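What the coordinates show
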Amino acid sequence: MWRMRVLAACSLGGAGHLQPLLPLLDAARWRGHETLVIGPPALSGLVETSGYPFAAGGEPPEAAVAPIRERLAAAPAREASVLGNRELFGRLATAAMQPAMDHVFAGWQPDLVLRDPCEYASAVIAHRLDVATAQVAIGLAEVEWGSIAIATPALEAHRSGLVDELRRSPYVTRFPASVDPSPFPDT
């Protein structure tokens, strides 16, 4: 049997962003594939408790995140979405994760990347290197589609064409279509 390397990429969202990836990692491990999780250092304990090897990625400096966090608390919904999706995840977290992600791709050479919808550094690299990716839902498909739209200016600054690639890559969800109709063409 061919042994595949499956990389799970998680962003700053914590357990709520990691947990949906775990059943897919369990299935990969059960089938004899190698697995690795990359995410912010704060996830290390949770990942290791789950029984997976962990590679610490970067995270934006607190000085850059604090003003966003302060504004999020009182911002209207549209502004909060721009702050979270575009500024925090699309711009700051992606740039901070990029060096560690480059290192993992170069050294570990994954065959498949399972990414949480807010983790974009892996998509920047995977699409460039022609490594298969799948976005693993943490919420409703329409919301996650909309998050990509809001983050577009930041994402396209990382690499032109990234947004189209994100929307064309497989979207894995546990919700049936009758409950959560998906705008992603490969759901």
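I will try to describe carefully the structure that is included in this document. (Residues numbered from 1 in each chain as written. Predicted model: local features only at pLDDT ≥ 70, side-chain atom pairs only at ≥ 80, totals over all residues. Heavy atoms only, no water.)

Another point: the nonpolar core. Judged by nonpolar contacts, the single largest core of 18 residues is most densely connected at V6, L18, L21, L25, V37, V47 and L114. Counting only elements with at least two residues in this core, the list comes to strand 1 (5-9), helix 2 (22-30), strand 4 (112-115) and strand 5 (132-136). (Core = buried A, V, L, I, M, F, W, Y, C linked by side-chain atoms within 4.5 Å. Buried < 20%, exposed > 50% of the residue type's maximum accessible area, 1.4 Å probe, protein only. Helix = DSSP H or I, 4+ residues; strand = E, 2+ residues; numbered from the N terminus.)

Moving on to the pattern of salt bridges. Applying the stated criterion across every chain yields a total of eight salt bridges. R5 serves as the salt-bridge partner of E34, at 3.2 Å between the closest nitrogen and oxygen. Linking E34 in strand 2 (residues 34-39) with R5 in strand 1, this pair joins segments that are 29 residues apart in sequence. Judged by its relative accessible area of 25%, E34 falls in the partly exposed class. According to the relative accessible area criterion, R5 is partly exposed, its value standing at 25%. A salt bridge links R69 to E62; the nearest nitrogen and oxygen atoms lie 2.7 Å apart. On the basis of relative accessibility, which here comes to 44%, the residue R69 falls in the partly exposed class. Because the salt bridges share partners, they merge into one network encompassing R3, R5 and E34. (Salt bridge = Lys/Arg side-chain N within 4 Å of Asp/Glu carboxyl O.)

Another aspect to go through is the side chain of S169. Mapped onto the fold, S169 is located in the loop between helix 8 (162-168) and strand 6 (171-172). A polar contact is formed between the side chain of S169 and the backbone oxygen of L166, at a distance of 3.0 Å. Sequence-distant contacts of S169, defined by excluding residues within four places in its chain, comprise H127, T133 and D186. (Polar contact = N/O pair within 3.5 Å; in protein donor to acceptor, adjacent residues only side chain to side chain. Contact = heavy atoms within 4.5 Å.)

Using the criterion set out here, one finds two aromatic pairs in the structure. Between the aromatic rings of W145 and F184, the centroid separation amounts to 5.0 Å while the plane-to-plane angle is 80°, which identifies the pairing as edge-to-face. One end of the pair, W145, is in helix 7 (residues 141-158); the other, F184, is in the segment after strand 6, and 39 residues separate them in sequence. Exposure remark for W145: the relative accessible area of 22% places this residue in the partly exposed category. F184 gets classed as buried once you look at its relative accessible area, which sits at 3%. Judged by centre distance (4.2 Å) and plane angle (5°), the ring pair of Y171 and F184 falls under stacked. Of this pair, Y171 sits in strand 6 while F184 sits in the segment after strand 6, and the two are 13 residues apart along the sequence. On the basis of relative accessibility, which here comes to 2%, the residue Y171 falls in the buried class. (Phe/Tyr/Trp six-rings, centres within 6.5 Å; stacked < 30°, edge-to-face > 60°.)

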